[in-house]
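Residue-level structure breakdown
One letter stands for each residue in the lines below.
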Amino acid sequence: MTRFIYLSDTHIGADIVGFQQQPAYPDKLEELLAAVAEHARKGEIDFVLHGGDMVDTCTPAAIERAKQLFDLPVPVYLSLGNHDLDRKDALSLWLTLAPEFFAGQSPQYTIEHGDCVIHVTPNQWESGVPYYWSSRQEAYFLDDQLPLLEESIARYKGGNQWLAIHNPIYGVSMEQSGSDRIIHDVPPAFQEAIVHIVESYPEVRGVLSGHNHINTLKHTEAGVYLTASSFIEAPFEYKIMEATQQSVSIHTHAVNGLSFKADYNSGRSFVQGREVDRSLLWRFS
């Protein structure tokens, strides 16, 4: 069995987080991560996967601070988000200053551990400028990214493979949000490209994303598409995933026993999601 923590959108270095779904406390991240470190010290997890936007603005100082905060007893991997790439030399900075976050010294890489394989495939943001984001949020992939992904999927014979992509594959459903429209809808071409891969490779069980700061979980016949809320927003949630060759379980947990009292906007509780948006036990046929 492989057991790992999935969390997202920590925005290290932010004084005020520009986009938030619930009150954010980036200055409390060290205390919040103590709960994750405790899982690691007890031998309860094999690694941590960060879903992106580890930092709020990409600077050498922010990356060094990220390395300090995520200096955990288990490996930590990063699926780059848009805020991680807000300067044209961002990728070079990450690979030079924090190579430990990327297997194989590449932003697109594969994590292989026991019964689980995760293909980290960062999506792009600005047309014509790889691994860079300034303002546009129209997710797409470079021409060689999906062929490389499919080659990587084919190399592994295990039946519990996942993709990690910062941008969600589906928007937030009206049933979850109570809105009269889909929130954070996704470009059709981007969505169709990933859904096609999941449907074409039965060994790929789903996609892990962040970006919208909301817990969502869509389970189709082919696979699971989930997003995680922001780890620095109340009530400070993360996911524990357990994978075997026969099943996967996903549970969303909140950090407890904190030294401070956090505000919470109960009018936006859809961000935390219903139970079906937060947990899953899937036994493969």
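Cut-offs used in this document
Residues numbered from 1 in each chain as written. Predicted model: local features only at pLDDT ≥ 70, side-chain atom pairs only at ≥ 80, totals over all residues. Heavy atoms only, no water. Phe/Tyr/Trp six-rings, centres within 6.5 Å; stacked < 30°, edge-to-face > 60°. Helix = DSSP H or I, 4+ residues; strand = E, 2+ residues; numbered from the N terminus. Buried < 20%, exposed > 50% of the residue type's maximum accessible area, 1.4 Å probe, protein only. Lys NZ or Arg CZ within 6 Å of the ring centre and 35° of its normal. Pairing = 2+ DSSP bridges. Axes fitted to C-alpha atoms, helices over the stretch in contact; angles between N-to-C directions. Contact = heavy atoms within 4.5 Å. Core = buried A, V, L, I, M, F, W, Y, C linked by side-chain atoms within 4.5 Å. Salt bridge = Lys/Arg side-chain N within 4 Å of Asp/Glu carboxyl O.

**As for the packing of aromatic side chains**
For the structure shown, the criterion picks out 13 aromatic pairs. For the pair Tyr 25 and Phe 260, a centre-to-centre distance of 5.4 Å together with 40° between the ring planes defines the contact as tilted. Of this pair, Tyr 25 sits in the loop between β1 (2-7) and α1 (29-41) while Phe 260 sits in the loop between β11 (247-254) and α7 (275-278), and the two are 235 residues apart along the sequence. Each member of the pair, Tyr 25 together with Phe 260, is buried. The aromatic ring of Trp 282 is capped on one face by Arg 205, whose charged end is 5.7 Å from the ring centroid. Against the face of Phe 284 rests Arg 205, its NZ or CZ located 3.6 Å from the ring centre.

**A few points about the sheet that holds strand β6 (residues 161-164)**
Read from one edge to the other, the open sheet built from six strands follows the order β4-β5-β6-β7-β9-β8, with strand pairing classed as mixed. Among the strands making up the open sheet, the edge pair consists of β4 (109-113) and β8 (216-219). Shown here is a sheet whose adjacent strand axes are inclined to one another by a mean of 15°, direction ignored. Sheet topology places β8 next to strand β9 (residues 224-227); four bridges connect them, and they run antiparallel. Within the sheet, the bridge partner assigned to Lys 218 lies in β9 and is Tyr 225. Against the sheet, helix α6 (residues 188-200) makes contact with β6, β7 (204-209) and β9, and its axis sits at roughly 150° relative to β7, the strand it touches most.

**Looking at the nonpolar core**
Ranked by internal contacts, the top residues of the largest apolar core, which has 71 residues, are Leu 49, Phe 70, Trp 94 and Ile 118. A per-element tally of this core places α1 first, with six residues. Beyond its immediate stretch of four places on either side in the chain, Ile 118 contacts Phe 4, Phe 47, Leu 49, Tyr 109, Thr 110, Ile 111, Trp 162 and Ala 164. Of all hydrophobic cores here, the second largest spans 18 residues; its members include Leu 146, Val 186, Val 204 and Val 207.

**Points about the pattern of salt bridges**
Scanning the entire structure with this criterion turns up nine salt bridges. Across the pair Arg 278 and Glu 237 runs a salt bridge, and its minimum N-O distance is 2.9 Å. Here Arg 278 is found in helix α7, whereas its partner Glu 237 is found in strand β10 (residues 237-243), with 41 residues between them in sequence. In terms of burial, Arg 278 and Glu 237 fall into one category: buried. In this structure, Asp 277 engages Arg 274 in a salt bridge whose closest nitrogen and oxygen atoms are separated by 2.8 Å. On the basis of relative accessible area, Arg 274 is assigned to the partly exposed category, the value being 36%.

**Regarding the sheet that holds β1**
Sheet architecture is open: six strands sit in the order β3-β2-β1-β10-β11-β12, paired in mixed fashion. The open sheet terminates on both sides in strands that have one partner only, identified here as β3 (76-78) and β12 (280-283). Pairwise comparison of adjacent strand axes, ignoring direction, gives a mean angle of 20° for this sheet. Taken together, the four bridges between β11 and β12 define a ladder with antiparallel strand orientation. In the sheet register, Ser 247 faces β12, and the bridge partner there is Arg 283. The strands touched by α1 are β1, β2 (47-50) and β10; relative to β1, the strand with the most contacts, the crossing angle is about 170°.

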